[in-house]
Amino acid sequence: MKYKYILFDLDGTITESGPGIMNSVEYALNKMNREVGDRDTLKKFIGPPLTESMEKYYGMSEEEALLGVKYYREYYAVKGIFENSVYEGLAETLESLKNEGYILAVATSKPEEYAKRIADKFDFTKYFAGIYGATMDGSLIRKADVIRYALDNLGVERENYDQVVMVGDRNNDIYGAKENGIQVIGVLYGYGDLAELQSAGADYIAKMPEEIAQIIGRCNHERV
């Protein structure tokens, strides 16, 4: 069976969102009187759920992490959300895949409300059958759960998950897809390096956006 559905992560896969996320985390840490330390640490917040990263990298309790997310959103919802840009060549890749008949969707750990605002702002909503993300209250946040939520809304039955491929730049994208039995294209132009993607079990690696379409086309040709 050929791939039919392509799920895209958002941060680090469609958009170069680092500046807005890092600035928002820094704002939250400053408001909590936390030492930011090495600013490069803030890059690790791009991709995984925020509460998870605040607990992991700054030793916060669950309650503190939730407060951190609240402060993060004070900055992000007003300014940080648009401190990003679409990767060069990504729009052309999306347009090409859509024109070839693939069904594209976004599956992100970012709150769906924010993901849709970003898609509208940067004019890539038109490429997708749906944009699916986490809930603001944290009841839906794990990547594996967001992927299932996206596929449920697309009407994809579990027995047809072999028709799906996930595209993402971090290990949480790969783990979430693998939990659902879905293959993954890891991208190197985002925030995860080759070691991270290979260690997590990426099936394919794309160095640049245009290679995503090449990999999918090659795989479908081989699977005919």
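Structural data are supplied above this passage.
The rules we used
Residues numbered from 1 in each chain as written. Predicted model: local features only at pLDDT ≥ 70, side-chain atom pairs only at ≥ 80, totals over all residues. Heavy atoms only, no water. Helix = DSSP H or I, 4+ residues; strand = E, 2+ residues; numbered from the N terminus. Rg over C-alpha atoms; globule rule 2.2 N^0.38 Å. Buried < 20%, exposed > 50% of the residue type's maximum accessible area, 1.4 Å probe, protein only. Contact = heavy atoms within 4.5 Å. Pairing = 2+ DSSP bridges. Axes fitted to C-alpha atoms, helices over the stretch in contact; angles between N-to-C directions. Core = buried A, V, L, I, M, F, W, Y, C linked by side-chain atoms within 4.5 Å. Phe/Tyr/Trp six-rings, centres within 6.5 Å; stacked < 30°, edge-to-face > 60°. Lys NZ or Arg CZ within 6 Å of the ring centre and 35° of its normal. Expected span 1.5 Å × (residues − 1).

Q: So what exactly am I meant to see when it comes to the overall build of the chain here?
A: Across its full length, the chain holds nine helices and eight strands. For 224 residues, the compact-globule estimate of 2.2 N^0.38 gives 17 Å, and the C-alpha radius of gyration of the chain, at 17 Å, lies within 12% of that figure. Seen through its C-alpha atoms, the chain measures out along the principal axes to roughly 60 × 30 × 30 Å. Burial analysis of the chain (224 residues in total) assigns 52% to the buried set. Long-range contacts, defined here as pairs at least 24 residues apart, represent 64% of the contacts in the chain between residues at least 6 apart.

Q: Where do I start with the sheet that holds strand β7 (residues 183–187) in this structure?
A: Two pairing modes exist for strands in a sheet, parallel and antiparallel, and in both the strands are linked by backbone hydrogen bonds. The strand order β5-β4-β1-β6-β7-β8 describes an open sheet built from six strands, whose pairing is parallel. With partners counted over all chains shown, the strands left at the sheet margins are β5 (130–134) and β8 (204–206), one partner each. Geometrically, the sheet is characterised by an average inter-axis angle of 25 degrees between neighbouring strands, direction not taken into account. Bridge analysis of strand β6 (residues 164–168) against β7 gives four bridges, and the strand direction is parallel. Bridging across to β7, Met-166 finds its partner in Val-184. Across the sheet, helix α7 (residues 171–179) lies against β4 (103–111), β6 and β7, angled at about 170 degrees from β7, the strand it touches most.

Q: How should I be thinking about the nonpolar core in this particular structure?
A: Note that soluble globular proteins tend to have their nonpolar side chains buried in a common cluster. Judged by nonpolar contacts, the single largest core of 51 residues is most densely connected at Ile-6, Phe-8, Leu-97, Leu-104, Phe-128, Ile-212 and Ile-216. With residues near it in sequence (within four places) discarded, Leu-104 still touches Ile-6, Phe-8, Leu-94, Leu-97, Lys-98, Tyr-127, Phe-128, Ala-129 and Gly-130. Core analysis: the second largest hydrophobic core is formed by 22 residues, Ala-105, Tyr-161, Val-164 and Ala-202 among them.

Q: In this structure, what is going on with the packing of aromatic side chains? I would like to understand it.
A: For any pair of aromatic rings, the description consists of the separation of the ring centres together with the inter-plane angle of the planes. One pass over the full model with this rule turns up nine aromatic pairs. Three or more aromatic residues joined by ring pairs make a cluster, and in this case those are Phe-8, Phe-124 and Phe-128. The ring of Phe-82 carries Lys-121 above its face, with NZ or CZ at 5.4 Å from the centroid.

Q: I would appreciate a short explanation of helix α3 (residues 62–76) in the present structure.
A: Given 3.6 residues per turn, any residue in an α-helix points the same way as the ones three and four places further on. Here α3 spans 20 Å end to end across 15 residues, near enough to the 21 Å set by a 1.5 Å rise per residue. In this structure, the buried residues of α3 make contact with α1 (18–31), α2 (50–58), β4 and α5 (112–121).

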